[in-house]
2 protein chains.
Amino acid sequence: MTAIRDTETIRILTVDDHQLLREGIAAVLESQEDMTIVAQASNGREAVESFRRLRPDVTLMDLRMPDMSGIEAITVIRHEFPNARIIVLTTYAGDAQAAAALKAGAAGYLLKNLVRKELIETIRAVHSGKRRIPPEIATEIAEHVADDELTDREIEVLRRVAAGKSNKLIAAELDISEGTVKTHMKSILPKLDASDRTHAVMIALKRGILDL
Amino acid sequence: MTAIRDTETIRILTVDDHQLLREGIAAVLESQEDMTIVAQASNGREAVESFRRLRPDVTLMDLRMPDMSGIEAITVIRHEFPNARIIVLTTYAGDAQAAAALKAGAAGYLLKNLVRKELIETIRAVHSGKRRIPPEIATEIAEHVADDELTDREIEVLRRVAAGKSNKLIAAELDISEGTVKTHMKSILPKLDASDRTHAVMIALKRGILDL
DNA sequence: CCAAGGATCTCCCAAAAGGGGTAGGGCACC
DNA sequence: GGTGCCCTACCCCTTTTGGGAGATCCTTGG
């Protein structure tokens, strides 16, 4: 039995700020003989530290976490270790979030309402170098790839709109003219296919462009 | 050992649409000798059925679920079994949600980012007839008890505002005059302490008065 | 060097939203 | 039989928003 080679065991890092969920993942994975959890982290910063130290074969990463978000953590890890295999495991937060995670280098994107089998199957697939995006998420992302994305400035404006600020106030905060804020709004509305600023904010929330 | 009385074992029902999280709860609770999970449900409807059949001592209930929400399930269960001890276990969804759950009869309100100890301690406390509301949630709720609540009609209007509809369109949909919609808005904004309709929608989302 | 995209600014105009006040009708609770 | 609350409706007026068009400046990338 001691002859089983290490390379046959998938070494896993789990990252989520919900201890209960990590326990659930652990319970599921530890029933698999070829999987072992080598560390757990509860935010992005800890995830990066653990990854550097342990170089897990597969990382399960939530996106919304205090301290450092999953997207940031994925970006840092993949920058240092381009071969890192990372699976996002989160509640759905919109196509923009999912697309950002994949752009940052995630190899899979799972929703937390999955069943054991999907989790295990995806870990094996990603470990062997494949990518795994569930069709419903792929579809959502595909629906918006052709869209014109909001620029950083436009998001900055929209974030303030969501805070209930008038164009005039936003202009003062950003130190630009009110006319320019209006120009940005005139660019934002058609990009999001929104009928007015309130609608634009709602769409941005649903798509994960803004956070609540 | 067979002399230990049944009444010393706390019989628990867990309700959550995330299988992984239920596994986590199970892993934590089954390490406790005096706790046993008698059933699991993945939505409100199943929760009500399971409760009727098994009469668990304590129920752990999520709020957002398909089919029937946790609030509805709590309402139904407590109507049939006024002594049912139910603990809400959810990600924070605003003071309005929490207040609604407590009004429906929940005895505790826990957040999913809790640690094992809190969960176990709360189950024991609630089982023995106590109520347990974490101070940060109690504070949030308390901050708004003095507020004038939105009426059903106002929420109906606000929901449509959130959908990006103009006062005129909302008036047509509700079959009232545009002036009346404006009257409702003039009532909504100060109640939510919002500067405009966009702000009102954001506040309603954060407080759990509206869903995304 | 030129093109493209982004950010900035201006002007004009119509539509929508917000703030003030007033008021009638219906319904439930004392 | 009031009192209070809600929904409804209207008035007037100001501010804000959204739509159309044009134009400059700067940076980035062939």
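Residues numbered from 1 in each chain as written. Chains lettered and ligands numbered in written order. Predicted model: local features only at pLDDT ≥ 70, side-chain atom pairs only at ≥ 80, totals over all residues. Heavy atoms only, no water.

Around DNA strand C, the surrounding shell holds 17 residues, and the nearest of these are Thr151(A), Arg153(A), Ser177(A), His184(A) and Lys186(B). Counting only atoms of DNA strand C within 4 Å of the protein, the fraction found in sugar and phosphate groups is 56%. Here Asn167(B) contributes a backbone N or O atom positioned 3.0 Å from a phosphate oxygen of DNA strand C. Residue assignment for the surface near DNA strand C shows that the elements contributing at least two residues are α9 (178-192) of chain A together with α8 (167-174) and α9 (178-192) of chain B. Residues of the surface near DNA strand C, tallied by class, amount to 3 nonpolar, 8 polar and 6 charged. (Near = heavy atom within 4 Å. Polar contact = N/O pair within 3.5 Å; in protein donor to acceptor, adjacent residues only side chain to side chain. Helix = DSSP H or I, 4+ residues; strand = E, 2+ residues; numbered from the N terminus. Nonpolar A, V, L, I, M, F, W, Y, C, P; charged D, E, K, R; others polar.)

All names here are of chain B. For the structure shown, the criterion picks out 30 salt bridges over all chains. Taking the shortest distance from any N to any O, the salt bridge between Lys-112 and Asp-62 comes out at 3.2 Å. Of the two residues, Lys-112 is situated in the loop between β5 (108-111) and α5 (116-127) and Asp-62 in the loop between β3 (58-61) and α3 (70-80); the sequence distance between them amounts to 50 residues. In this structure Lys-112 comes out as buried when scored by relative accessible area, which is 5%. A salt bridge links Arg-207 to Asp-147, with the shortest nitrogen-to-oxygen separation between them at 3.7 Å. (Salt bridge = Lys/Arg side-chain N within 4 Å of Asp/Glu carboxyl O. Buried < 20%, exposed > 50% of the residue type's maximum accessible area, 1.4 Å probe, protein only.)

Assigned domains of chain A: these are domain 1 (6-144) and domain 2 (152-207). The gap between the C-alpha centroids of domain 1 of chain A and domain 2 of chain A is 33 Å. (Domains from an automatic or database assignment.)

This brings us to unusual backbone geometry. You will see that Arg55(A), though not glycine, has its phi angle at about 45 degrees, which is positive. The residue Arg55(A) is located in the loop between α2 (44-54) and β3 (58-61) in this model. By relative accessible area, Arg55(A) is classed as partly exposed at 48%. Phi angles above zero are rare outside glycine, and Asp175(B) is one such case at about 60 degrees.

For the pair chain A and chain B, the superposition axis carries a translation of 0.1 Å, the fit reaches an RMSD of 0.1 Å, and the rotation angle comes to 180 degrees. Taken together, the rotation and translation relating the two chain copies correspond to the operation of a two-fold axis. Taking C-alpha positions as reference, the residue of chain A nearest the rotation axis is Gly24(A), located at 1.7 Å. (Least-squares fit on C-alpha atoms with pLDDT ≥ 70 in both.)

This next bit is on the environment of Ala104(B). Residues and elements named next belong to chain B. By the element assignment, Ala-104 lies in helix α4 (residues 95-104). With 29 residues separating them in the primary sequence, Ala-104 and Thr-75 have C-alpha atoms 5.1 Å apart. Filtering out sequence-adjacent residues up to four positions away, Ala-104 remains in contact with Ile-71, Ile-74, Thr-75 and Arg-78. (Contact = heavy atoms within 4.5 Å.)

What follows concerns the sheet that holds strand β2 (residues 35-41) of chain A. Hydrogen bonds between backbone atoms are what pair the strands of a sheet, whose relative direction is either parallel or antiparallel. Residues and elements named next belong to chain A. Overall, parallel pairing links the 5 strands, which are arranged β2-β1-β3-β4-β5 in an open sheet. A single partner strand is all that each edge strand has here, and the edge strands are β2 and β5 (108-111). The mean inter-strand angle of the sheet, taken between neighbouring strand axes irrespective of direction, is 25 degrees. Bridging between strand β1 (residues 10-15) and β2 involves 6 bridges; their strand directions are parallel. Paired with Ile-10 across the strands is Met-35, a residue of β2. Packed onto the sheet, helix α1 (residues 19-29) meets β1, β2, β3 and β4 (85-90) and runs at close to 170 degrees relative to β2. (Pairing = 2+ DSSP bridges. Axes fitted to C-alpha atoms, helices over the stretch in contact; angles between N-to-C directions.)

Let us look at the pairing of β4(A). Residue and element names in this part refer to chain A. Along β4, 5 of the 6 residues are buried, which leaves the element largely enclosed by surrounding structure. By the bridge criterion, 4 bridges tie β3 to β4 in an arrangement that is parallel. Within β4, the position partnered with Met-61 by the bridge is Val-88. Chirality of the crossover, the property in question, places the unit of β3, helix α3 (residues 70-80) and β4 among those that are right-handed. Looking at chain direction, β4 and β5 are connected through 4 bridges and run parallel. If you follow Thr-90 over to β5, its bridge partner there is Leu-111. On the question of chirality, the crossover connecting β4 to the parallel β5 by way of helix α4 (residues 95-104) is right-handed. (Right-handed = clockwise from strand over helix to strand, strands pointing away.)

Residues and elements named next belong to chain B. Taken together, 5 strands build an open sheet; the order of strands is β2-β1-β3-β4-β5 and the sheet is parallel. Unpaired on one side and paired on the other, β2 (35-41) and β5 mark the two borders of the sheet. Averaged over all pairs of adjacent strands, the angle between their axes in this sheet comes to 25 degrees, without regard to strand direction. Each of β1 (10-15), β2, β3 and β4 (85-90) is contacted by helix α1 (residues 19-29), which is oriented at about 165 degrees to β2, the strand it contacts most.

Our focus in this paragraph is the packing of α8(B) against α9(B). All names here are of chain B. It is at 8 Å that the axes of α8 and α9 come closest, and there the two elements cross at 110 degrees. Viewed along their axes, α8 and α9 adopt a mutual orientation that is roughly perpendicular. Two secondary-structure elements touch here, α8 through Asn-167, Lys-168, Ile-170 and Ala-171 and α9 through Glu-178, Val-181, Lys-182 and Met-185. Each residue belonging to the contact of α8 with α9 can be placed in one class, and the counts come to 4 nonpolar, 1 polar and 3 charged. (Parallel < 35°, antiparallel > 145°, perpendicular 65-115°, else oblique.)

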